[in-house]
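Geometric and topological summary
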Amino acid sequence: MKQAITLFVIALIFTQCSSTRVFNTDTATDAIPTAYKTYGFYEFTAAGDTSSATFQLRVEILKNAIKAEMNARGYQFVSTRPDLLINIGILVKQQIQIRQTNWQNDGRFTYMGQRNYTWKSEDVEVGRYKEGTLTLHIVETARNKMIWQGSMSGIVPDKPDTKTNTAGKAMKKLFAKYPFRSGVGI
């Protein structure tokens, strides 16, 4: 019995330590899910510091992850006159991880002369990482009305193979909150 409880606690800890957090999901009360069979994307324009050579690749990775989730729900991707349009909003910030030094672990007092010893705490950079927030707006094109929105945040991986895997898992987590399927009521 103790072993089962221990395994449950460990599993709970690992599921709670996910690097992706979904928040701010909202569904329109007047959505007509039976009318939606196709989807497409709004034209993606970027502003700010997006001169990275891998920016377009990252956008395509996100679009492919979204397509996989929409297709799994029975929707069909079309490039002209879709029933639903998906707007992708992305915000990426460079973050710096720091720690504060302490006299027990980070050196001895320094001699300043005339029996003056001193020590001061400093912030030490431990690492740098990118944290991103993604917001999806799914809009019914016939009425130009948003039927669902969802936001998520997490750490953006640097390696290309990790990006695809992370995007897929993150979209699964976000779309778990999406209540519709193609041509099916709630």
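Source: prediction; values computed, not measured.

Moving on, we come to the sheet that holds strand β3 (residues 76–77). Taken together, the six strands give an open sheet; going across it, the order is β1-β8-β7-β4-β2-β3, and neighbouring strands pair in mixed fashion. Where the open sheet ends on each side, the last strands, each with one partner, are β1 (20–27) and β3. Where strand β2 (residues 38–41) lies against β3, two bridges are found, and the strand directions are parallel. Bridge pairing in β3 links Y39 to F77.

In this section: the side chain of Q149. Within the secondary structure, Q149 is located in strand β8 (residues 145–156). Of the residues examined, Q149 reaches a relative accessible area of 15% and is grouped as buried. Separated by 3.4 Å, the side chains of Q149 and H137 make a polar contact. The contacts of Q149, once residues within four sequence positions are left out, are N24, T25, D26, L136 and H137.

Taken as a whole, this structure holds nine aromatic pairs when the rule is applied. Judged by centre distance (5.3 Å) and plane angle (85°), the rings of W148 and Y178 are edge-to-face. Linking W148 in strand β8 with Y178 in the segment after α3 (160–175), this pair joins segments that are 30 residues apart in sequence. Across the pair, Y178 and W148 agree in class, each one buried. A cation over a ring is seen here: K67 above F77, with NZ or CZ 4.2 Å from the ring centre.

What follows is about the pattern of salt bridges. Counted according to the given criterion, the structure contains five salt bridges. Here D30 ties to R143 by a salt bridge, and the two come within 3.4 Å at their closest N and O atoms. With D30 in the loop between β1 and β2 and R143 in the loop between β7 (123–140) and β8, this pair connects stretches of sequence that are 113 residues apart. A residue is classified by how much of its surface remains accessible, and D30, at 34% relative accessible area, is partly exposed.

For the rest of this paragraph, the subject is helix α2 (residues 55–72). Its 18 residues place the ends of α2 26 Å apart at the C-alpha level, agreeing with the 26 Å of an ideal helix rising 1.5 Å per residue. Restricting attention to buried positions, one finds in α2 the residues F55, V59, I61, L62, K63, A65, I66, E69 and M70. The positive-phi residue at the C-terminal boundary of α2 is G74, with phi of around 90°.

L136, M171 and Y178 are the most contacted members of the largest nonpolar core, which has 26 residues in total. Apart from residues no more than four positions distant in its own chain, Y178 is found in contact with M70, R73, Y75, L84, I138, I147 and W148.

Looking now at the pairing of β8. Pairing analysis gives six bridges linking β1 to β8, with the strands arranged antiparallel. Following the sheet pairing, F23 is matched in β8 by S151. Summarising the sheet, β7 and β8 pair through eleven bridges and their orientation is antiparallel. If you follow T135 over to β8, its bridge partner there is S151. The turn linking β7 back onto β8 is made up of four residues, and N144 within it adopts a positive phi angle of 50°.

Cut-offs used in this document
Residues numbered from 1 in each chain as written. Predicted model: local features only at pLDDT ≥ 70, side-chain atom pairs only at ≥ 80, totals over all residues. Heavy atoms only, no water. Pairing = 2+ DSSP bridges. Helix = DSSP H or I, 4+ residues; strand = E, 2+ residues; numbered from the N terminus. Buried < 20%, exposed > 50% of the residue type's maximum accessible area, 1.4 Å probe, protein only. Polar contact = N/O pair within 3.5 Å; in protein donor to acceptor, adjacent residues only side chain to side chain. Contact = heavy atoms within 4.5 Å. Phe/Tyr/Trp six-rings, centres within 6.5 Å; stacked < 30°, edge-to-face > 60°. Lys NZ or Arg CZ within 6 Å of the ring centre and 35° of its normal. Salt bridge = Lys/Arg side-chain N within 4 Å of Asp/Glu carboxyl O. Expected span 1.5 Å × (residues − 1). Core = buried A, V, L, I, M, F, W, Y, C linked by side-chain atoms within 4.5 Å.

Purely geometric numbers; function is a separate question.
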